[in-house]
Amino acid sequence: MTSPTDESPTAAPTPNEGQRELIEGTDGLYLVDAGAGTGKTFTVTHRYANIVAQDDIEPDDILLITFTRNAATEMKDRIVTSCDYDMRALNDAPIQTFHSLCSDILDQHGFHAPTYLGIDDAITGSTQVLENETVEREYFREFIGRFSDEHDEYDDLLRCLSEPTELLGLINNLAAKGIFPTSDGWYRDSRDALEGDFDAFKDAFDELNRPRNGGSKQSKLRSSLGRYGNNKCYLPDAPDRNELRGEYGSKSVPEDAAERVFTENRDHLIEFVHDVYFEYLEFALGRNYLNFSFLQLFAFVLCCEDDDLRESLAFEYVMIDEFQDSSEIQFKLALLLSGTDNFCAVGDWKQSIYSFQYAAVENITRFESRLERFAAELNDDADRVSFPLESVTRIELEQNYRSTQPILDFSENALVTPGSSRELIDRESILEQVVSLFSNTEQDQSRIEAFRHADEHEAILTKIQEIVGNDEYAVEEDGELRPPTYGDIAVLTRTRDFGRELLSTAEAYEFPMAYEGGIELFRTDQAKLLLAWLRILEGGSAAERGWAVVLERAGYALDDRIRPRTRGVSRYDAAVSFRARGLRDAHGRHAARVRSLRLRRSDVRRRPHDDQVASQFDDDDPRRPDSNYRRWCREWLHAGGSGRRRHRFGHRPDDPLRQGSRTSDRYSREHEQRRVPAIGRL
């Protein structure tokens, strides 16, 4: 069977049975379980092309929601190759993210949207979408400072917050669940959601309150209350320690504590949340910005309240990709924009990784129940979701085009493998939800290995060297196996720092490797050196930090044994005195005291460095524009720091990697031109 990802010019890709069912089944409610590598994008784009090929359907009649802008662009590129429309015709088609869709709705129709919540303001063409979370946190700090000055009644609650910006996360979380404040209450009685669900609360309570180790060890909940009552200030009516934790020797918290906690009066707390939420909405509009959560909030309110607008915006077909990463309000908004029951959700609950961005994986794991509940909530006072909700067609894409069977089996087993000896996993219940995948390839050459080493960087490079050209690690290309090259190998790292350290080690050994991924500019060597010189020019205490970096780049580092013998003189000033060989102190404040210091060369250690480079700076004033040191820094920056790295790391004569490079053609010029992608973060 032909892989759906093949782009052979002689034969069109052939969909498998599950893919064909979805491509040809254009009408009705569909829920698609599309595991990794099962040709999901191929199937969705061909389904789109099949729908738009109908006589009475135009691209504007189909809403295709993706998770990222890049995914939307890829969708358009693939659709163009599968239908009669060109890219110009699809340029303005609604193939976009939820945020982009909401932004378009508000740009055209959102002027009066805030008034539905009782906010006397408007959304205009100049209203900006604030994407930078750091900038918004600063705005929120300004807001919360003003809020605390104007609301003395909430001082007791504000004092409980170690970080007031945590309230911003709460606001965004409530917005993602469709819980909004109005000037006189809560929108569409959403206050009830803040009261909570006792059954769900009790289930979570019982899980944490279950004794561990077969009943011999106290529960996590009781253990967490171990310091209750110690050196704390509590309200007068707070329960005592034994009343809350239970009698001495018990292993769990008393059962009646769950109901007591849940029924506690929280009116004051809810009023506080309401006022912070509502006034921050006013603050944001007053500053002429909306964040992503507020974009969705106002678009949802607008579609709920304006029946004529909702009917004019409704689509004939709605398809949502990566549905496992959608939020509750996005699900509801998609229902409001669906003019018919031609609704298709595609996703894989096992790939849900965006809960920190308020995604609700239950949208896909409990699709039918949420579909009915959300539709009922939207229809409680008007007919907003008018299409029938019965007969949801489930399709499972089981054929994998990306991996061999051993890798697929290993991945499935990892889902039910405990992360630690203390973690309990219901293996059978999880596997019941898993759609097992089978590989499309007949090859079975995959190897899954694990190893530990004291020096991880060198161990990884050694392993790469072992893999390249080794038939035991053969890769498939055009149906045939061949020995792997450097370009076939990717190193996935948990952090960017580890990736950069690995790259530095590879460069030290002249190993062909390239770093691909996010680069934090101010953590690069070039940026550090530039900032160091700026600190020196600024003077003051910051100059000391600057000189420390500059001298390190020159090959000098102060030994831990150095102790300046003159009070008030820092170790950095002492280092400057040594570098300038008695010249006037660059700081200009401690010149006399610094010159009085007598430092021996043995007090300063040199890193392995070319003496010719270091000797250029003797009797040199680094503040002069034409100084040797500044010239050297300019050359070093121009070279990207590569020369510096070679000096710092060097090569040991007995280094096995270097010896291998002399005896093997793996370090030939042809191989060195091939770059190994090192991905910064998994």
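Summary of the structure given here. Model, not experiment: these values are computed from the prediction. (Residues numbered from 1 in each chain as written. Predicted model: local features only at pLDDT ≥ 70, side-chain atom pairs only at ≥ 80, totals over all residues. Heavy atoms only, no water.)

Right, let's get into the overall build of the protein. Looking only at helices and strands, the protein has 32 helices and 19 strands in total. In the protein, which comprises 682 residues, the proportion classed as buried is 43%. A separation of at least 24 residues holds for 71% of the contacts in the protein among residues at least 6 apart in sequence. A total accessible area of about 37,800 Å² is found for the protein, and carbon and sulfur atoms account for 47% of it. (Helix = DSSP H or I, 4+ residues; strand = E, 2+ residues; numbered from the N terminus. Buried < 20%, exposed > 50% of the residue type's maximum accessible area, 1.4 Å probe, protein only. Contact = heavy atoms within 4.5 Å. Areas by Shrake-Rupley, 256 points an atom, 1.4 Å probe, with all protein chains shown as cover.)

Taken as a whole, this structure holds 25 aromatic pairs when the rule is applied. Centroid distance F323 to F367: 6.0 Å. Interplanar angle 75°. Geometry classified as edge-to-face. With F323 in the loop between β8 (317-320) and α17 (328-336) and F367 in helix α19 (residues 367-378), the pair connects residues that are 44 residues apart, well separated along the chain. For the pair F323 and F367, one class covers both residues: buried. Both rings, one in W533 and one in W547, keep their centres 5.9 Å apart while their planes meet at 65°; by these two values the pair is edge-to-face. On the criterion of sequence distance, the pair formed by W533 in helix α24 (residues 525-538) and W547 in helix α25 (residues 541-553) is long-range, its members being 14 residues apart. An aromatic cluster is present here, built from F140, F143, F147, Y154, F272, Y280, F283 and F294 joined pairwise through their rings. The aromatic ring of Y30 is capped on one face by R47, whose charged end is 5.3 Å from the ring centroid. (Phe/Tyr/Trp six-rings, centres within 6.5 Å; stacked < 30°, edge-to-face > 60°. Lys NZ or Arg CZ within 6 Å of the ring centre and 35° of its normal.)

Mapped onto the fold, T340 is located in the loop between α17 and β9 (343-347). Of the residues examined, T340 reaches a relative accessible area of 19% and is grouped as buried. One polar contact links the side chain of T340 to the main-chain carbonyl oxygen of E316, over a distance of 2.7 Å. Within the structure, T340 has its side chain in polar contact with the side chain of N342 (distance 3.2 Å). If sequence neighbours within four positions are ignored, T340 has contacts with F315, E316 and F387. (Polar contact = N/O pair within 3.5 Å; in protein donor to acceptor, adjacent residues only side chain to side chain.)

This paragraph deals with the sheet that holds β9. Read from one edge to the other, the open sheet built from six strands follows the order β3-β2-β8-β9-β1-β10, with strand pairing classed as parallel. The open sheet has two edge strands, β3 (95-97) and β10 (393-397), and neither has a second partner. On average, each strand axis in the sheet is tilted by 20° relative to the strand beside it, whichever way the strands run. Where strand β2 (residues 62-66) and β8 come together, four bridges link them in parallel fashion. Residue pairing in the sheet places I62 in a bridge with Y317 of β8. (Pairing = 2+ DSSP bridges. Axes fitted to C-alpha atoms, helices over the stretch in contact; angles between N-to-C directions.)

We now examine the pattern of salt bridges. For the structure on display, the rule yields 32 salt bridges. Its salt-bridge partner being R78, residue E74 comes within 3.0 Å of it at the nearest N-O pair. Of this pair, E74 and R78 both sit in helix α3 (residues 69-80), four residues apart, which is roughly one turn of the helix. (Salt bridge = Lys/Arg side-chain N within 4 Å of Asp/Glu carboxyl O.)

Take the packing of helix α15 (residues 292-305) against α17 next. Their axes nearest at 10 Å, the elements α15 and α17 cross at an angle of 35°. Of the two elements, α15 crosses α17, and the hand of that crossing is left-handed. For the pair α15 and α17, the contacting residues are Q296, L297, A299, F300, C303 and C304 in the first and I329, Q330, K332, L333 and L336 in the second. Split by residue class, the contact of α15 with α17 holds eight nonpolar, two polar and one charged. (Left-handed = near helix turned anticlockwise from the far one by under 90°. Nonpolar A, V, L, I, M, F, W, Y, C, P; charged D, E, K, R; others polar.)

The next subject is a negative patch on the surface. Negative charge collects at one region of the surface, where D149, E150, D152, E153 and E271 lie side by side. Here D152 is to be found in the loop between α6 (133-150) and α7 (155-158). Accessibility expressed as a relative area gives 57% for D152, which makes it exposed. (Patch = residues over 30% accessible without salt bridge, like charges linked within 9 Å, V, L, I, M, F, W, Y side chains within 5 Å. Lys, Arg positive; Asp, Glu negative; His and termini not counted. Charge placed at Lys NZ, Arg CZ, Asp CG, Glu CD.)

Here we take up the pairing of strand β1 (residues 30-34). β1 sits mainly inside the fold: five of its five residues count as buried. Residues Y30, V32 and A34 line one face of β1 and the alternating positions L31 and D33 line the opposite face, and both faces are buried. For β1 and β9, the ladder comprises four bridges, and the chain directions are parallel. Bridge pairing links D33 to G347 in β9. When β1 meets β10, the two strands line up parallel, connected through five bridges. Of the residues in β10, the one forming a bridge with A34 is L397.

It is worth spelling out the nonpolar core at this point. Formed by 77 residues in total, the largest nonpolar core has its most connected members in Y277, F294, L297, F298 and F343. Ranked by residues supplied to this core, first place goes to helix α14 (residues 267-286) with 11 residues. Excluding its chain neighbours within four sequence positions, the residues that come into contact with F343 are G28, L29, Y30, V318, I320, F331, A334, L335, S338 and F367. Y30, A93, I95 and Y317 belong to the second-largest nonpolar core, a separate cluster that totals 24 residues. (Core = buried A, V, L, I, M, F, W, Y, C linked by side-chain atoms within 4.5 Å.)

Attention now moves to α24. Relative to the 20 Å expected for 14 residues at 1.5 Å per residue, α24 spans 20 Å between its end C-alpha atoms, a close match to the ideal helical length. Taken together, the buried positions of α24 are occupied by A527, L529, A532, W533 and I536. Of the residues flanking the end of α24, it is G539, one or two places downstream, whose phi is positive at about 80°. (Expected span 1.5 Å × (residues − 1).)

Here the focus is the side chain of N342. Its place among the elements puts N342 in the loop between α17 and β9. Here N342 falls in the buried class, since its relative accessible area comes to 8%.

Our next topic: unusual backbone geometry. Its identity is not glycine, yet N288 carries a phi of approximately 65°, on the positive side. The topology assignment puts N288 in the loop between α14 and β7 (289-290). The partly exposed category is assigned to N288, whose relative accessible area is 26%. Here S391, not a glycine, exhibits a phi torsion of approximately 55°, which is positive. Position of S391 among the secondary structure elements: in the loop between α19 and β10.

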